[in-house]
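Residues per chain, in single letters:
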Amino acid sequence: MADGLRIAVIGAGIVGTSCAFFLQRDGHQVTLVDPREPGTGTSFGNAGIISLYSIAPVLTPALLRKVPALLRDRTSPLAIRWRYLPRLFPWLVRMVANARPKRVEALAQALAQLLARADAAHDTVIQECGLGALVRSGGWLKVARKEETLLSSIAFDRRLWDRFGRRYRLLDRKELHDLEPALAPDLEAGVLLEENRAVLDPCGYVQGIARGFYERGGRFLRAWAEGFAFQDRRIVAVSTSAGRLVVDAVVLAAGAFSKRLAALGGMRLPLDAERGYHVMLPHPPQSLSRPVYSCDHGFILAPMAGGIRLTGGVELASPWAKPDYRRIRRLVPLAQRLLPGLEAKIVSEWQGCRPTLPDSLPVIGRVPSCPNLVLAFGHQHIGLTLGPLTGRLIADLFAERDPGIDLSFYAPARFR
Ligand SMILES: Cc1cc2nc3c(=O)[nH]c(=O)nc-3n(C[C@H](O)[C@H](O)[C@H](O)COP(=O)(O)OP(=O)(O)OC[C@H]3O[C@@H](n4cnc5c(N)ncnc54)[C@H](O)[C@@H]3O)c2cc1C
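Worth saying up front: this structure is predicted, and the values here are computed from it rather than measured.

(A) Inspection of the packing of helix α4 (residues 101-129) against helix α5 (residues 147-163) at higher detail. Where α4 contacts α5, the two axes come as close as 12 Å, and the packing angle between them is 50 degrees. Considered as vectors, α4 and α5 are oriented oblique to each other. Helix-helix and strand crossings are classified by hand; for α4 and α5 the assignment is right-handed. Along the contact surface, α4 presents Val104, Glu105, Ala108 and Gln109, while α5 presents Phe156, Arg159, Leu160 and Arg163. Across the contact of α4 with α5, the residue classes break down as 4 nonpolar, 1 polar and 3 charged.

(B) Examining a negative patch on the surface more closely. The grouping of Glu147, Glu148, Asp172 and Glu175 at the surface amounts to a negative patch. Topologically, aspartate 172 is positioned in the loop between β7 (168-171) and α6 (173-179). For aspartate 172, a relative accessible area of 42% puts it in the partly exposed group.

(C) The arrangement of the domain arrangement of the protein chain in detail. Annotation of the protein chain at the domain level lists domain 1 (6-43 + 204-270 + 360-415) and domain 2 (57-103 + 135-198 + 271-356). Summarising the inter-unit geometry, the C-alpha centres of domain 1 and domain 2 are found 29 Å apart. Each side of the interface is counted separately: domain 1 has 17 residues, and domain 2 has 19 residues. Buried area between domain 1 and domain 2, both sides added, is near 1,500 Å², and the carbon and sulfur share of it is 64%. Summed over the shared surface of domain 1 and domain 2, the result is 0 salt bridges. Our enumeration of links across domain 1 and domain 2 arrives at 7 residue pairs in polar contact (both at pLDDT 80 or more). Residues that form the side of domain 1 that touches domain 2 fall into these classes: 7 nonpolar, 9 polar and 1 charged.

Definitions and limits used
Residues numbered from 1 in each chain as written. Predicted model: local features only at pLDDT ≥ 70, side-chain atom pairs only at ≥ 80, totals over all residues. Heavy atoms only, no water. Axes fitted to C-alpha atoms, helices over the stretch in contact; angles between N-to-C directions. Helix = DSSP H or I, 4+ residues; strand = E, 2+ residues; numbered from the N terminus. Parallel < 35°, antiparallel > 145°, perpendicular 65-115°, else oblique. Left-handed = near helix turned anticlockwise from the far one by under 90°. Contact = heavy atoms within 4.5 Å. Nonpolar A, V, L, I, M, F, W, Y, C, P; charged D, E, K, R; others polar. Patch = residues over 30% accessible without salt bridge, like charges linked within 9 Å, V, L, I, M, F, W, Y side chains within 5 Å. Areas by Shrake-Rupley, 256 points an atom, 1.4 Å probe, with all protein chains shown as cover. Salt bridge = Lys/Arg side-chain N within 4 Å of Asp/Glu carboxyl O. Lys, Arg positive; Asp, Glu negative; His and termini not counted. Charge placed at Lys NZ, Arg CZ, Asp CG, Glu CD. Buried < 20%, exposed > 50% of the residue type's maximum accessible area, 1.4 Å probe, protein only. Domains from an automatic or database assignment. Buried area = accessible area lost by both parts, 1.4 Å probe. Polar contact = N/O pair within 3.5 Å; in protein donor to acceptor, adjacent residues only side chain to side chain.

Here it is as structure tokens:
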């Protein structure tokens, strides 16, 4: 490509930074715009799982049936701030409509075709940005005190794993403890999702991709994107808190905060935030060697470079609301029961916003009424997993290369 296009990528999470990397690699002149350092938004605090098995949409018929009980339990993985309900209601109604069994099958198919390609895109950034030391193989483990709990908890997903050819291994008590000796002895059963990898420092991973982008000549502008200037239905400049940026095209990848700018570009989307929390705890003398999910309590313990990350659950509330750490703190004693050597010493606390559309699919594509605005957000619980692939797909779109998959599932116009 001659000099390439001048492209502004708005948002430097895993998705935006990956878009910037793959576009710069194709010879474009890319400016990544964010008021904060790359990887310090929601991409900072996730569980680090490259989760190829998350084929089910966010809301399944089985989960929908459990919602009333989950909302009553103070340690359950679901909470709602009732004051936000009127604003959230249209999103919730659409989310529930997407939990019909036939619809769930179609959405699973659309997620599966992305997930089947996610690993290869990670391999590209790992190799080209030298990130091998931040990634660990060995799978992801789901465990339970009783075998029935494990089997009922994974029943829906298991059908999808079988359908889409994902390898997994059911473990009895001995196999489980041979694999993870630090886990509590009363755990009876587990399933090892063998193909997953884990990122040991999700923020460091994004910053590594950003370094690869800078090395190829990419530029970072520390600023808020505030609006667009148009000419003949095309964006000609982005107004930012640091001045005007003249562009040939824009990629909007501001995660859960993309809604307003998408609307300015002519696309109203039902995007909302599934907020999430983590606390960091020191590694116990005998720690875990892979992330572990408790089917009994719905949380994850993820061993990371800086300690054990306890994450779990969804809080439905405004993306701008103040964090409420009480629920995640309540999980610490339950985490200690799962991993007996764990000390209840919270080193740090964090809250972020998963960007979620009601059909659980991201938007990856052009805005029909403004063709040089491209959307790349809505990656819900699997943005770390799908970030690099999204970057590759966006670069394919600009290059008019065959992406190898049907992108119509993710078209922004599907909500019209
Ligand atoms: C507790 C928790 C655990 C998770 N675990 C996993 C996991 O194990 N595996 C997995 O795959 N996913 C996981 N996720 C999901 C994943 O973290 C998200 O899907 C992903 O981080 C979203 O990335 P993003 O780049 O879209 O958004 P973000 O990382 O939020 O980045 C968006 C960026 O846009 C910037 N921005 C916003 N507005 C503007 C503006 N106007 N101008 C310029 N910049 C702007 C923000 O500052 C931010 O840096 C988890 C999420 C949570 C909350």
